[in-house]
Amino acid sequence: MKAKLHTAVTRAKNNPVLRKTAQQMKPKKTIWGFLGVVLFFIVPDIIAFIWGADITAYAHTQMLQAPSHMMATWYEALIMLFEDGGSWVNLAIGFALLIWLFF
């Protein structure tokens with residue numbers, strides 16, 4: 001098992017297509033790259049950890065009173081986004097991308 005994993009890692013390291021793809025995925029070292037990672041990965045999860053239950057309760061009451069289908073859909077999306085609180089996985093991915101951004 002260990003030998004198979006080592007072989008797979010070695011092949012992945014030496015694969016030029018994988019290297020090029022990883023380089024294209026890496027955020028750019030600009031203020032926009034930094035803000036993109038922070039605003040799309042880290043801030044929403046911090047908000048969800050702190051105010052997730054309050055946002056979900058508010059969206060649920062508003063969804064029941066929504067005047068149009070479009071507004072009800074908006075509140076339903078808010079409920080789906082914040083009902084479970086924050087995601088430690090997304091937060092870890094955000095911090096990993098920040099570390100990758102600077103190294």
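Each remark here, short or long, concerns the structure printed above.
Residues numbered from 1 in each chain as written. Predicted model: local features only at pLDDT ≥ 70, side-chain atom pairs only at ≥ 80, totals over all residues. Heavy atoms only, no water.

Caption draft 1: Highlighting the overall build of the protein. The number of helices and strands found in the protein is five helices and zero strands. Each helix and strand of the protein, ordered N terminal to C terminal, gives the series α-α-α-α-α. Its C-alpha atoms give the protein a radius of gyration of 20 Å, clearly above 13 Å, the size a compact globule of 103 residues would have. Within the protein, the proportion of its 103 residues that are buried is 21%. (Helix = DSSP H or I, 4+ residues; strand = E, 2+ residues; numbered from the N terminus. Rg over C-alpha atoms; globule rule 2.2 N^0.38 Å. Buried < 20%, exposed > 50% of the residue type's maximum accessible area, 1.4 Å probe, protein only.)

Caption draft 2: Structural context of helix 1 (residues 2–14). Its 13 residues place the ends of helix 1 18 Å apart at the C-alpha level, agreeing with the 18 Å of an ideal helix rising 1.5 Å per residue. With zero of 13 residues buried, helix 1 is to be regarded as a mostly surface element. (Expected span 1.5 Å × (residues − 1).)

Caption draft 3: Structural detail: helix 3 (residues 31–64). Spanning 34 residues, helix 3 covers only 41 Å between terminal C-alpha atoms, well under the ideal 50 Å at 1.5 Å per step. Of all the bends found along helix 3, the most pronounced is centred on W51 and spans about 80°. Buried residues of helix 3: G33, V37, V38, I42, D45, A48, G52, T56 and A59, and no others. (Bend = angle between axes of the 7 residues up to and from the residue.)

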